Amino acid sequence: MKSDASPILELRNVTTLFPTRRGDVRAVDAVNLALYPGQILGLVGESGCGKSTVLLSILGLIASPGRIDAGEILFDGRDLSKLPTSELRKIRGKEIAMIFQDPLSTLNPVFTVGEQIRESLRLHNMIGGGRLWPFDRARTAREKQRVLEVMAEVGIPAPEARYRAYPHQFSGGMQQRALIAIGLACNPKVLLADEPTTALDVTIQAQIVALMQRINREHGTGIILVTHDLGLAAEFCDHIAVMYAGRIVEIGRTDDVIERPQHPYTEGLLRCIPDIGRRRPIEPIMGNVPDLADLGPGCAFAPRCPVAQPICTHSFFRLQPVSGEESDAAAQRSGEVHMARCLRLTNYILPDASAQTNGGVP
């Protein structure tokens, strides 16, 4: 990432709410992130911490009655959270593509894989010319040729034959490659990957990760990878943001977060990674993910934290640079500055009156 580059996608204090009988649930709570061209950003945390909701918020796919309650989602100078659905549809799949977690629930079982990839080209008129699909045979042929190129690029063997295959005729790894092909068909600037290697064996997982790295390298595509596997993020990502209970608790360059973790939750995730060489036993994080409808005023991780102090249960902590040095907001959002939200970074405690929620504070 060039230091003088501008972010292609930027989240500023984004808060996503889901109304319930017990009150509003903040699934995403004042999240700040910035993605630069060619950057790979990992969003890491346990299930239920808000990672996937961040991606859905970016694309405006939060199901009603959920809503983006505050903040800005800036893409090429436009605030996506303020755009009408008709404008968002022009961006989804064309400029920002998403790879969903479960291929079988995403791919339509009654259409061939090739036709599902071609659909994104048709919807966004990427080939252009002629009458509307499917009556223009010349354009249909050009679209099919583009689909075959993308299928070959993502490593689907014999694209001509596989074009006519149905999703159930693909293996799990091939289904995931098909989803990636759908995402790449329109040459998007940003790729959102929601746990793309879930349920795949380690060999196929390595192939999918290598494929996405090649896409990033050859096309300069910015990628946000959502995963619960901190080890995978360490191998794949340039920067890592760790989420817990809807908030980012640590963010920075991958080496800084992995080698010098500052938040106890990050340390706990690292202890869950098997280390055969050192023969160290896996140490699970005790306790359960908190109920977002019943969060206290303090640190959400305090009930599970092995080093929690009494003050942690009733005071809110800002995200602060680990070094204590001042830095600009853009560098903080991008992860260039190693930041954490913990008592260990002293003198960064908000008054109790402001502790119930972030109040717009990062």
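Basis of the calculations
Along every chain, residues carry numbers that run from 1 in the direction the sequence is written. Local features in this predicted model are restricted to residues whose pLDDT is 70 or higher, and side-chain atom pairs enter the listing and the counts only when it is 80 or higher, whereas totals over whole chains, interfaces and linings include all residues. Side-chain numbers come from the whole structure's heavy atoms, not from hydrogens or water. With a 1.4 Å probe rolled over the protein chains alone, any residue whose accessible area is under 20% of its type maximum counts as buried; one over 50% counts as exposed, and the rest are partly exposed. Numbering of helices and strands starts at the N terminus; helices are DSSP runs of H or I of at least 4 residues and strands are runs of E of at least 2. Should DSSP find at least two bridges between two strands, the strands are regarded as paired. What makes two residues a contact is simply this: any of their non-hydrogen atoms within 4.5 Å. Each axis is a line fitted through C-alpha atoms, and for a helix only the stretch in contact is used; angles between axes span 0 to 180 degrees, taken between their N-to-C directions. Salt bridge criterion: a side-chain nitrogen from Lys or Arg within 4 Å of a carboxyl oxygen from Asp or Glu. Here a crossing is called left-handed whenever its near helix is offset anticlockwise from the far helix by less than a right angle, and right-handed whenever the offset is clockwise. The classification used treats Ala, Val, Leu, Ile, Met, Phe, Trp, Tyr, Cys and Pro as nonpolar, Asp, Glu, Lys and Arg as charged, and all other residues, Gly among them, as polar. Planes of paired rings set the category: under 30 degrees apart is stacked, over 60 is edge-to-face and the rest tilted, where pairs are Phe, Tyr or Trp rings (Trp by its six-membered ring) whose centres lie within 6.5 Å. Only when the NZ of Lys or the CZ of Arg is both within 6 Å of the ring centre and within 35 degrees of the ring normal is a charge said to sit over the ring. Put simply, buried Ala, Val, Leu, Ile, Met, Phe, Trp, Tyr and Cys residues joined by side-chain atoms within 4.5 Å make one nonpolar core.

**Things to note about helix α1 (residues 51–58)**
- Of all eight residues making up α1, six are buried, and the element is well covered by its neighbours.
- Of all the residues in α1, the buried ones are Lys-51, Thr-53, Val-54, Leu-55, Ser-57 and Ile-58.

**Section: the sheet that holds strand β4 (residues 67–75)**
- Pairing in this open sheet of four strands is antiparallel, and the strands run β2-β1-β4-β5 from one edge to the other. Because the sheet does not close on itself, it has two edges, and the strands there are β2 (23–35) and β5 (78–79).
- This element, α1, spans β1 (9–20), β2 and β4 of the sheet and lies at about 110° to β1.

**Concerning the environment of Ala-329**
- By the secondary structure assignment, Ala-329 is in helix α12 (residues 329–334).
- Note: C-alpha distance between Ala-329 and Ala-34 (295 residues apart in sequence) is 10.0 Å.

**As for the pattern of salt bridges**
- For the coordinates displayed, the defined rule picks out 26 salt bridges.
- Between Arg-247 and Asp-29 there is a salt bridge, with its nearest N and O atoms 3.1 Å apart. A residue pair is termed long-range when its members are at least 10 positions apart, and Arg-247 in strand β10 (residues 247–253) and Asp-29 in strand β2 qualify at 218 residues. Taken as a pair, Arg-247 and Asp-29 share a single burial class, namely buried.
- One salt bridge in this structure joins Glu-259 and Arg-260, with 3.7 Å as the shortest N-O distance.
- The exposure class assigned to Glu-259 is exposed, which follows from its relative accessible area of 56%.
- In this structure, a network of salt bridges that share partners links the residues Arg-253, Asp-256, Glu-259, Arg-260 and Glu-336.

**Description of the sheet that holds strand β8 (residues 222–227)**
- One open sheet accounts for eight strands, arranged β6-β7-β8-β3-β9-β10-β12-β11; its pairing is mixed. On the outer flanks of this sheet lie β6 (96–99) and β11 (320–321), each paired with one strand and no other.
- Note: β10 against strand β12 (residues 339–340), two bridges, orientation antiparallel. Residue pairing in the sheet places Ile-251 in a bridge with Met-339 of β12.

**Focus on the environment of Pro-264**
- Checked against the element boundaries, Pro-264 lands in helix α11 (residues 264–271).
- Overall, the relative accessible area of 3% leaves Pro-264 in the buried class.
- Each C-alpha atom, one on Pro-264 and one on Arg-89, is 40 Å from the other, the two residues being 175 residues apart in sequence.

**Brief notes about the packing of helix α4 (residues 113–123) against helix α5 (residues 137–153)**
- Axis separation between α4 and α5 bottoms out at 9 Å; the angle between their running directions is 115°. For the pair α4 and α5, the crossing hand works out as right-handed. Counted together, Gly-114, Ile-117, Arg-118, Leu-121 and Arg-122 of α4 and Thr-140, Glu-143, Lys-144, Arg-146, Val-147 and Met-151 of α5 form the full contact between these two elements.
- For the contact of α4 with α5, the residue count by class is four nonpolar, two polar and five charged.

**Some points on the packing of aromatic side chains**
- Tallied over the full model, the rule gives three aromatic pairs.
- Look at Tyr-244 and Phe-301: their rings are 5.2 Å apart centre to centre, the planes differ by 85°, and that puts the pair in the edge-to-face class. Of this pair, Tyr-244 sits in strand β9 (residues 239–244) while Phe-301 sits in the loop between α11 and β11, and the two are 57 residues apart along the sequence.
- A network of ring pairs unites the aromatic residues Tyr-244, Tyr-265 and Phe-301 as a single cluster.
- The residue whose ring lies beneath Lys-144 is Tyr-163, and the NZ or CZ to ring-centre distance is 5.0 Å.
- We note Arg-162 situated over the ring of Phe-170; from NZ or CZ to the ring centre the distance is 5.0 Å.

**Points about the nonpolar core**
- Counting 55 residues, the largest nonpolar core has Ile-180, Phe-236, Ile-240 and Tyr-265 as the members making the most contacts within it.
- Discounting chain neighbours no more than four positions away, the residues touching Phe-236 are Ile-40, Val-209, Met-212, Gln-213, Ile-223 and Leu-225.
- Residues Val-14, Val-31, Met-98 and Val-337 belong to the second largest nonpolar core, which totals 34 residues.

Read these as geometric descriptors, not functional statements.
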